[in-house]
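# Structure at a glance
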Amino acid sequence: MRGGPVLAVDGPAAAGKGTLAKRLAAELNLPYLDTGLLYRAVGRLVLDAGQDPAAPAEKFARTLKVEDTQRKDLRTQEVARAASQVASQPAVRSALVETQRRFAQARGGVLDGRDIGTAIFPDADVKLFITASPATRALRRFVQLGEDPKADGATARLAEMTAALQARDAADAGRETAPMQVAADAVVIETDTLSADAVLAEALRVVRERLGTHAS
Ligand code: CDP
Ligand code: CDP
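Residues numbered from 1 in each chain as written. Chains lettered and ligands numbered in written order. Predicted model: local features only at pLDDT ≥ 70, side-chain atom pairs only at ≥ 80, totals over all residues.

To continue, consider the sheet that holds strand E4 (residues 126-131). Read from one edge to the other, the open sheet built from 5 strands follows the order E2-E3-E1-E4-E5, with strand pairing classed as parallel. Sheet topology places strand E2 (32-34) and strand E5 (187-190) at the edges, where each strand pairs with a single neighbour. The average angle at which neighbouring strand axes cross in this sheet is 20°, direction not considered. Running at roughly 180° to strand E3 (residues 109-113), helix H1 (residues 17-28) makes contact with strand E1 (6-10), E2, E3 and E4 of the sheet. (Pairing = 2+ DSSP bridges. Helix = DSSP H or I, 4+ residues; strand = E, 2+ residues; numbered from the N terminus. Axes fitted to C-alpha atoms, helices over the stretch in contact; angles between N-to-C directions. Contact = placed C-beta atoms within 7 Å.)

As structure tokens, then:
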């Protein structure tokens, strides 16, 4: 038995999963885990070791702790690419399964990623799939990383960002082990025209419907 409800928040890159999941966790008083940071931390360790992210990376994943997601240097594009490469390795994924399940054991939790509702917690109490068009997501990530879309050369850099994001989505959706996909019982929220507040309101509506009286 788990000590509380599990909410799975999946979706493609820069859709707003983390922003939503963190706010849901605060609203519902549940622990929050950004599972992308686990893969990013493995990617970072691989890069730091001077290793090719395509080479076996299981040893880095085996010893990883949830606390390692607190590293400050995990949000770069280079690390995102390395994360996606190590995430395609079945041994890396299986090394991180128990870490994620254990995280929610005591009190439940809100976890965001790609395979939470399909592979990590197929029995999650609530499953949300947060998405938006590649153009919207690339612009969100561009601004989030401190870029000004109106600056000189921004158009070309934004185009690069869009291409990198789409390449990562294709790899994440196309890999054999735990690919990113919409769980059969997930509620999809298209966020192109929604503010982060509006996404939270819609998600809370779904959560309350699914959890009934458990959600405050
Ligand atoms: O976790 P994920 O990569 O899916 O995205 P995020 O880091 O939560 O969000 C990417 C950026 O989009 C952040 O700067 C958010 O403030 C922004 N955003 C959002 O999360 N939701 C919206 N509906 C609109 C913008
Ligand atoms: O923030 P963003 O959505 O761009 O990426 P992230 O959630 O930090 O995830 C980085 C990479 O880790 C993804 O592109 C996936 O390859 C991988 N990942 C995964 O395979 N499974 C998860 N549950 C979470 C992330």
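Contacts to ligand 1 come from 17 residues, most closely from Gly-16, Lys-17, Gly-18, Thr-19 and Arg-140. Secondary-structure elements contributing two or more residues to the shell around ligand 1 are H1, helix H7 (134-144) and helix H9 (196-211). Tallied by class, the residues present in the shell around ligand 1 amount to 6 nonpolar, 7 polar and 4 charged. (Near = placed C-beta within 6 Å. Nonpolar A, V, L, I, M, F, W, Y, C, P; charged D, E, K, R; others polar.)

Right, let's talk about the site of ligand 2 for a bit. In the vicinity of ligand 2, 16 residues are found, and the nearest of them are Ala-13, Gly-36, Tyr-39, Ala-87 and Gly-113. Going through the elements one at a time, helix H2 (36-48), helix H4 (77-87) and helix H8 (154-174) are the ones with two or more residues in the shell around ligand 2. Per-class residue counts for the shell around ligand 2 are 7 nonpolar, 4 polar and 5 charged. Structurally, the shell around ligand 2 is a two-domain feature, drawing no fewer than three residues from each of domain 1 (1-31 + 108-210) and domain 2 (35-103). (Domains from an automatic or database assignment.)

For the rest of this paragraph, the subject is unusual backbone geometry. One non-glycine residue with positive phi stands out, namely Ala-14, at about 60°. With respect to the element layout, Ala-14 can be found in the loop between E1 and H1. For Ala-14, a count of 25 C-beta atoms within 10 Å puts it in the buried group. Positioned with a positive phi, Asn-29 is a non-glycine residue whose angle comes to about 55°. On the basis of neighbour counts, which here come to 10 C-beta atoms within 10 Å, the residue Asn-29 falls in the exposed class. (Buried ≥ 20, exposed ≤ 12 C-beta atoms within 10 Å, placed from the backbone.)

Let's shift gears to the domain arrangement of the chain. Domain annotation for the chain reports domain 1 (1-31 + 108-210) and domain 2 (35-103). Computed over C-alpha atoms, the centres of domain 1 and domain 2 are 19 Å apart. Facing 14 residues of domain 1, the contacting portion of domain 2 comprises 13 residues. Elements that contribute at least two residues to the side of domain 1 that touches domain 2 include exactly E3, helix H6 (116-120) and H8. Of the residues belonging to the side of domain 1 that touches domain 2, the class tally is 7 nonpolar, 3 polar and 4 charged.

In the contact formed by H2 and H4, the axes pass within 7 Å of each other and the chain directions differ by 100°. With respect to H4, the element H2 is oriented roughly perpendicular. Two secondary-structure elements touch here, H2 through Gly-36, Tyr-39, Arg-40, Val-42, Gly-43, Arg-44, Val-46 and Leu-47 and H4 through Glu-78, Val-79, Ala-80, Ala-82, Ala-83, Val-86 and Ala-87. Of the residues assigned to the contact of H2 with H4, the class counts are 10 nonpolar, 2 polar and 3 charged. (Parallel < 35°, antiparallel > 145°, perpendicular 65-115°, else oblique.)

Now for H1. When the terminal C-alpha atoms of H1 are compared, their 16 Å separation across 12 residues agrees well with the 16 Å that a helix rising 1.5 Å per residue should span. Those residues of H1 not exposed but buried are Lys-17, Leu-20, Ala-21, Leu-24, Ala-25 and Leu-28. Each buried residue of H1 sits inside an arc of 130° when the element is viewed along its axis, so together they form one side. Structurally, H1 contributes buried residues whose contacts are with E1, E2, E3, E4 and H9. Downstream of H1 by a residue or two, Asn-29 has a phi angle that is positive, lying close to 55°. (Expected span 1.5 Å × (residues − 1). Arc of directions from axis to C-beta.)

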